[in-house]
Amino acid sequence: MEEVPTVPESEVLSLIISQLIAYGYSAIAQSVADATGAISDMTPSHKLVELVQLGKEKMESDGSDDEEFTADNTKLASESSQDWAKAKGSSFDPEAIQTAVSKIPPNYVQLYYTQHKGPCRTAAFSADGRFAATGSHDSSLKVLDVQKMKKRTGEAGDKPVIRTLYDHTAPVNDLSFHPNGLVLASCAEDQSVKLFDLSKSGVKRSFRYLQDALPVKSISFHPSGDFLLAGTEDAAVRIYDVKTLQCFTNSKTNEMHRGPITQVRYSHTGRLFATSSSDGSVRVWDGVSGQCVRCIEGAHGGNAASSVRIMRNERFVLTAGLDSTMRLWDISSGRTVIEYRGHEQVSQMLQPAFTYNEDFVLIGDEASSNAFCYDTQTGALLTKISGQNNMVRCVVPSPTDNGILTCR
């Protein structure tokens, strides 16, 4: 009988602790660490889920539950982003664009509605999908319980808005949840980034803030939670160490944008991040060295680029711009893979989104109050989501299902 290789207990416990933190159970993770004496850096990670999914796929493909889960599989899980994307259900295949058949879009029905005193400009989900947050032109933030939004009971205590935060003095531009789901970062026209501790009830002010000399347009937490990416009206990207508040930036002028940054986003592993600019360019950067690895000049025909999203396989980046077009780009070649046309975007910095499985792309429309839903694979406009009473500025997908938040 062949001996089955074992994984050290300390490594398994470390994976469990990191997975619990990624799910938002930081207190339980700490209890596990204390009870077992496991050594862990207490950073969130979905590696355990990746390994389990990879093992399930191997057993299914081999038709046996008794096959070994080898060290080679572990290496593949950590090094292959394509397998990670498959595990999450992404079915995008650039080689099959010409022959692909458009999918049936989800039937979107409004479950909950809340409003700020001013227009809602941005929103975000926590990584585990338990919470959502919105930011407004009136400088306020709202934190919402997602399950309460989905399942209204009508009872007195049934209030999805669990916190309203007031600490900015100007319109809020972007939001980002820390991977542990317990810290919310926001940035605004008041030239600041603010961090709110959601684990403390009743707190409406930030416990930490970063002050810039210019309005901060966009932020994105690194998947480790140790760094915060920021884009301002300056052309240089900022990376902040969350613990020390030290700011890092690339001093190579030939790699900088030539105009204000409109959005910044890390990839799901943090190995890459992308930026878009009002100068019309899009840049993809190495998440470790901070060096620009791909520059796409004139991504939208000389018009401003309003947003960037890196796909889970880290091979493609989605951009939107003021030419009423979204484009999917191959990062390695810098070439357009597919275009999404039908909506109007000529003056507003609309924020699109992939659905959680990347089957669909959604964006607002300046000419109506609808959100447009495209097939990621074919580029076909599948449906227009009605029910909004104003232009949809931002669409944000749930990380766990086809649910979305629309901001207007």
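First, a word on what this report is: a plain description of the structure on this page. (Residues numbered from 1 in each chain as written. Predicted model: local features only at pLDDT ≥ 70, side-chain atom pairs only at ≥ 80, totals over all residues. Heavy atoms only, no water.)

Our focus in this paragraph is the sheet that holds strand β11 (residues 238-241). Read from one edge of the open sheet, four strands run β9-β10-β11-β12, paired in antiparallel fashion. Sheet topology places β9 (216-221) and β12 (247-249) at the edges, where each strand pairs with a single neighbour. The sheet shows a mean angle of 25 degrees between the axes of neighbouring strands, direction not considered. Note that β9 and strand β10 (residues 227-232) share five bridges and pair antiparallel. Within β10, the position partnered with Ile 219 by the bridge is Ala 230. (Pairing = 2+ DSSP bridges. Helix = DSSP H or I, 4+ residues; strand = E, 2+ residues; numbered from the N terminus. Axes fitted to C-alpha atoms, helices over the stretch in contact; angles between N-to-C directions.)

The subject of this paragraph is unusual backbone geometry. A positive phi angle, near 70 degrees, is found at Leu 245, a position not held by glycine. You can see Leu 245 is positioned in the loop between β11 and β12. Phi at Ser 324 takes a positive value of approximately 60 degrees, unusual for a residue other than glycine. Residue position: Ser 324 is located in the loop between β18 (316-321) and β19 (325-330).

Turning next to the sheet that holds strand β7 (residues 192-197). Strand pairing in a sheet relies on backbone hydrogen bonds. The paired strands run either parallel or antiparallel. Across the sheet, four strands lie side by side as β5-β6-β7-β8; this open sheet has antiparallel pairing. Unpaired on one side and paired on the other, β5 (172-177) and β8 (208-211) mark the two borders of the sheet. Geometrically, the sheet is characterised by an average inter-axis angle of 15 degrees between neighbouring strands, direction not taken into account. Note that strand β6 (residues 183-188) and β7 share five bridges and pair antiparallel. What sits directly across from Val 183, in β7, is Asp 197.

Moving on, we come to a nonpolar patch on the surface. Side chains of Val 7, Val 12 and Ile 16 sit close together on the surface and give an oily, nonpolar patch of about 210 Å² of accessible area. Tracing the chain through its elements places Val 12 in helix α1 (residues 9-22). (Patch = residues over 30% accessible without salt bridge, like charges linked within 9 Å, V, L, I, M, F, W, Y side chains within 5 Å. Areas by Shrake-Rupley, 256 points an atom, 1.4 Å probe, with all protein chains shown as cover. Salt bridge = Lys/Arg side-chain N within 4 Å of Asp/Glu carboxyl O.)

Note that Thr 262 resides in strand β13 (residues 261-266). A distance of 2.6 Å separates the side chain of Thr 262 from the side chain of Ser 276, its partner in a polar contact. Engagement of the side chain of Thr 262 in a polar contact is seen with the backbone oxygen of Ala 305, the distance being 2.7 Å. Thr 262 has contacts with Lys 217, Ser 218, Ser 276, Ser 277, Ser 278, Ala 305, Ser 306, Ser 307 and Met 349, leaving out every residue within four places of it along the chain. (Polar contact = N/O pair within 3.5 Å; in protein donor to acceptor, adjacent residues only side chain to side chain. Contact = heavy atoms within 4.5 Å.)

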